[in-house]
Amino acid sequence: SQQATNAKLDPKNISIIGVLDIFGFESFAHNSFEQLCINYCNEKLQGHFNEHIFKLEQQEYAAEGVDVSKIEFVDNAPVLDQLERKSNGVFARVDEEINTPRGSDEGLLKKLIGDASTVLKKPDVRDKSQTNCFVIVHYAGDVAYNVDGFLAKNKDTLLPDLEEIGTDSTFQFMRELFTQTEAGGGDPSGGRKTSMGNKRTIGAQFKDQLNALMKVLNSTEPHFVRCIKPNAEKVSDAFT
């Protein structure tokens with residue numbers, strides 16, 4: 001019946017088994033905006049892991065009167081706060097500099113250095129590899145991010161000539177595609193606008209998508225699979 005069909009399609013009656021393959025934490029000789037986004041995602045998922053494996057388990061032991069030794073672990077909440085804070089978080093600062101008249105990567109770095117804390121550090125002036133960098137003390141270790149190109153990457157704007165070709169195309173689908181891009185990709189989640197018009201920044205979109213993922217994860221019963229690298233050579237059939 002139609003009623004039965006609707007019941008089956010009701011999201012409340014749908015059970016799913018999802019597999020989330022976490023990409024690795026990145027720290028290279030040169031780290032840019034891409035690495036910041038990737039490591040932010042890993043930081044968020046690490047916080048989810050900490051919450052379930054350490055915090056909630058210990059709360060349950062205490063509630064049931066089970067006497068166990070307290071497990072010490074590094075809480076990465078301060079790192080996430082430094083990245084996500086709406087007023088002066090790292091991603092908020094990048095968006096803010098885009099809105100600032102004559103905003104620049106150098107101006108962004110100056111603001112971030114001014115926000116220095118226990119998890120957002122100034123670069124080591126003696127280390128030439130940290131020139132034009134700010135340092136985030138991640139759960140997995142310190143990473144120096146070079147701000148060169150940060151604003152351009154966060155805008156992710158198309159070349160004017162390419163945009164003109166798309167919007168003037170005789171192919172309707174192409175025109176609609178470029179119109180959506182101008183309006184922010186048709187993203188229904190809303191969020192902070194920038195001086196780029198209606199288009200939202202990559203950082204803002206990434207944060208919203210990650211928060212949506214975390215909402216799904218927090219509604220599930222998580223089980224974690226730990227992958228162990230069998231050998232330093234990264235080759236098959238060799239276990240050391």
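No experiment lies behind these values; they were computed from the predicted model shown.

Thoughts on the overall build of the protein chain
Thinking step 1. When its secondary structure is counted, the protein chain shows nine helices and three strands.
Thinking step 2. Reading the protein chain from its N terminus to its C terminus gives the helix and strand order α-α-α-α-α-β-β-β-α-α-α-α.
Thinking step 3. The buried share of the protein chain, taken over its 240 residues, is 30%.
Thinking step 4. For the protein chain, long-range pairs separated by at least 24 residues make up 52% of all intrachain contacts whose partners lie at least 6 apart in sequence.

Some details on the sheet that holds strand β3 (residues 141-146)
Thinking step 1. The strand order across the open sheet formed by three strands is β1-β2-β3, and the pairing between neighbours is antiparallel. Every other strand in the sheet has two partners, leaving β1 (120-121) and β3 as the edge strands with one partner each.
Thinking step 2. Pairing of β1 with strand β2 (residues 133-138) involves two bridges; the strand directions are antiparallel. Looking at β2, one finds that L120 is bridged to I136.
Thinking step 3. Those strands touched by helix α3 (residues 77-84) are β1 and β2, and its axis lies near 145 degrees from that of β2.

Focus on the confidence of the model for the protein chain
Thinking step 1. When pLDDT is averaged along the protein chain, the result is 83, and 86% of the positions lie at 70 or above.
Thinking step 2. Counting interchain partners and residues more than four positions distant, the pLDDT-below-50 stretch residues 1-9 has three contacts.
Thinking step 3. Segment residues 183-195 is flagged for pLDDT under 50; beyond a separation of four residues in sequence, or across chains, it makes 29 contacts in the model.

Overview of the environment of D81
Thinking step 1. Along the chain, D81 falls in helix α3.
Thinking step 2. Since its relative accessible area comes to 38%, D81 is described here as partly exposed.
Thinking step 3. Taking C-alpha positions, D81 is 9.7 Å from V119, a pair spaced 38 residues apart along the chain.

A closer look at the pattern of salt bridges
Thinking step 1. For the coordinates displayed, the defined rule picks out 10 salt bridges.
Thinking step 2. When the shortest N-O distance is used, the salt bridge between D81 and R85 registers 2.7 Å.
Thinking step 3. Among the ionic pairs, D208 bridges to R200, the shortest N-O distance being 2.5 Å.
Thinking step 4. Assessed through its relative accessible area of 26%, D208 is described here as partly exposed.
Thinking step 5. Through salt bridges with shared partners, a single ionic network connects R93, E96, E97, K111 and D115.

A short note on unusual backbone geometry
Thinking step 1. Positive phi, normally seen in glycine, also occurs at R102, with a value near 55 degrees.
Thinking step 2. R102 sits in the exposed class, given a relative accessible area of 82%.
Thinking step 3. With a phi angle near 60 degrees, D237 is a residue other than glycine that sits in the positive phi range.
Thinking step 4. Summarising the element assignment, D237 is placed in the segment after α9 (202-218).
Thinking step 5. Residue classification places D237 among the exposed residues on the basis of a relative accessible area of 74%.

Considering the packing of aromatic side chains
Thinking step 1. Under the definition given, this model contains eight aromatic pairs.
Thinking step 2. With centroids separated by 6.3 Å and ring planes inclined at 75 degrees, the aromatic side chains of F33 and F91 adopt a geometry described as edge-to-face. Of the two residues, F33 is situated in helix α2 (residues 33-63) and F91 in helix α4 (residues 90-99); the sequence distance between them amounts to 58 residues.
Thinking step 3. A ring pair is formed by F49 and F224, whose centres lie 4.8 Å apart and whose planes are at 80 degrees; its orientation type is edge-to-face. Taken together, the residues F49 in helix α2 and F224 in the segment after α9 connect sequence positions 175 residues apart.
Thinking step 4. F224 gets classed as partly exposed once you look at its relative accessible area, which sits at 38%.
Thinking step 5. Taken together, F33, Y40, F91, F134, Y145, F150 and F206 form an aromatic cluster joined through their ring pairs.

Criteria and thresholds
Residues numbered from 1 in each chain as written. Predicted model: local features only at pLDDT ≥ 70, side-chain atom pairs only at ≥ 80, totals over all residues. Heavy atoms only, no water. Helix = DSSP H or I, 4+ residues; strand = E, 2+ residues; numbered from the N terminus. Buried < 20%, exposed > 50% of the residue type's maximum accessible area, 1.4 Å probe, protein only. Contact = heavy atoms within 4.5 Å. Pairing = 2+ DSSP bridges. Axes fitted to C-alpha atoms, helices over the stretch in contact; angles between N-to-C directions. pLDDT = per-residue confidence, 0-100. Salt bridge = Lys/Arg side-chain N within 4 Å of Asp/Glu carboxyl O. Phe/Tyr/Trp six-rings, centres within 6.5 Å; stacked < 30°, edge-to-face > 60°.

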